[in-house]
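What follows is the residue order along each chain.
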Amino acid sequence: MSIRSIDADHARRFLAARHLLAPPRSLPAEPESVLAVVERLGSLQFDPLEVPGARNHDLVLHARIGGYRRGWAEAWMYGPNRRLIELYNKSLNILPMHELPHYRVSWQRAASSVDGGILTEQADVAKAILKRLRADGPLSTAAFSEHGHAVDWWWAPTRASRAVMEALFVTGRIGIARREGNRRHYDLIERLVPAEQLRLRESEEDAMTHRLLSRYRAVGLTTPVGTQMEVMYSAGSTAERARRTARLVEEGRLVPVDVEGLKYTRYVVAEDEPLLAATADPTSTTGPGAAFLAPLDPIVWDRRMLRELWGFDYLWEVYVPEAKRRWGYYVLPILFGDRFVGRIEPRLDRTSGTLRILGVWFEAGFEPIEFPGFVPALADAVEAYRAFVGASRVGWPRTRLGRSIAAALRDAA
């Protein structure tokens, strides 16, 4: 298959459209839009932090769905008509239920390490947990206080009940039935997944090939080589990724693309060829809107591409010591049209019902007040975010830029 060549502007337009962000919040305000986003992106990364008033996957969905409500995703994940499931992929991800056969490889690989480890060492605890879940599930670790002795587990010693339940989860014996806050309530996997899905099996090679394909679906335009180990994490070694990528190209499931100014050939999924062709026209996308993106949004997974294609250097500083942070604890990139123009740190004060903007920063050379169309786009984004997190008012930082933005938004209103 011949390699297509596109310029950087075309690549930016394509990615904004491909990620359902041209314009943002354009999908219908209905629960089914959640499924549309997950099918398009392949997976949503789950992270429990709710500092800005919402979790990572809710921020991803809010940026794409008009009037999004977090209960819509939870209904598909934990309701009677489950269409989404939490499994480990790149990390803990929300995945389409019908793709479960592709991801059973995660269960198989985990079993090779924990079956002869903690599930053998704590066999009595595992037996007691499974017996109790069978009789009384769903249950959280709080229901097993009698198994509170400490064991070595992953990063640090933890309670035996928690470690064993996590081991049973990563090996596919139990699944997350619901959450109360971020507390997981587990149940037997056969109660959560349709029997026909559990019966399906794939070879490890096919499953790992699909896992790699899921990375291409998520990012939209990326490469299996170079420094993209974060993006391709757990998708095989460099040689395996290159071999499987070649297979996907040969099968017509991936299309190779060279992008002006970017090192290495990139790939798009074959279904995106019409969109790639359509976005060659600079007038192909709707007028620009603004969106605040999640720190683990798939469009920002490929940090190297962010720097090389957009000139945007983004680091989620939640794990950076406070004294070493350049921006803030939970800072979100600002996308305007097909450009990353800045970053913002929203924080929901639930006591006062205030959405506090702790900081806002713009890229060098971007003048937010003067740039055509940006102020009304920002006003729409702020109002949509305020409504999304349930705040009654917005408070801007008492800096020169913060006061200027607040005044511009009042004038726009």
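Residues numbered from 1 in each chain as written. Predicted model: local features only at pLDDT ≥ 70, side-chain atom pairs only at ≥ 80, totals over all residues. Heavy atoms only, no water.

### Some words on the pairing of strand β12 (residues 332-336)
So, step 1. β12 sits mainly inside the fold: five of its five residues count as buried.
So, step 2. When strand β11 (residues 290-292) meets β12, the two strands line up antiparallel, connected through three bridges. Directly across from A290, in β12, lies its bridge partner F336.
So, step 3. Where β12 and strand β13 (residues 339-349) come together, five bridges link them in antiparallel fashion. Across the sheet, residue P333 finds its bridge partner in β13, namely R343.
So, step 4. Counting the residues in the hairpin turn of β12 and β13 gives two residues, including G337, whose phi is positive at 65°. (Buried < 20%, exposed > 50% of the residue type's maximum accessible area, 1.4 Å probe, protein only. Helix = DSSP H or I, 4+ residues; strand = E, 2+ residues; numbered from the N terminus. Pairing = 2+ DSSP bridges.)

### Some words on the packing of aromatic side chains
So, step 1. Here the structure, examined in full by the defined rule, presents 22 aromatic pairs.
So, step 2. Here the aromatic cluster, defined as three or more aromatic residues joined through ring pairs, consists of Y68, W72, F292, Y385 and F388.
So, step 3. Sitting over the face of the ring of W76, R83 holds its NZ or CZ atom 5.5 Å from the ring centroid.
So, step 4. The ring of F144 carries the charged tip of R132 above its face, separated from the ring centre by 5.6 Å. (Phe/Tyr/Trp six-rings, centres within 6.5 Å; stacked < 30°, edge-to-face > 60°. Lys NZ or Arg CZ within 6 Å of the ring centre and 35° of its normal.)

### Thoughts on the environment of E196
So, step 1. Tracing the sequence through the fold places E196 in helix α10 (residues 195-199).
So, step 2. The spatial distance from the C-alpha of E196 to the C-alpha of H98 is 10.0 Å, given a sequence separation of 98 residues.

### Considering the environment of W72
So, step 1. Note on placement: W72 falls in helix α4 (residues 70-78).
So, step 2. The sequence separation of W72 and E50 amounts to 22 residues, and the corresponding C-alpha distance is 17 Å.
So, step 3. Ignoring anything within four residues of it in the chain, the contact list for W72 reads A29, E30, P31, V34, I65, G66 and G67. (Contact = heavy atoms within 4.5 Å.)

### Topic: the pairing of strand β9 (residues 254-259)
So, step 1. Within β9, five of the six residues are buried, which leaves it mostly tucked inside the rest of the structure.
So, step 2. With three bridges joining them, strand β1 (residues 4-6) and β9 adopt parallel strand pairing. Looking across to β9, one finds that S5 is bridged to D258.
So, step 3. Connecting the antiparallel pair β9 and strand β10 (residues 266-269) is a turn made up of six residues, with G261 showing a positive phi of about 85°.

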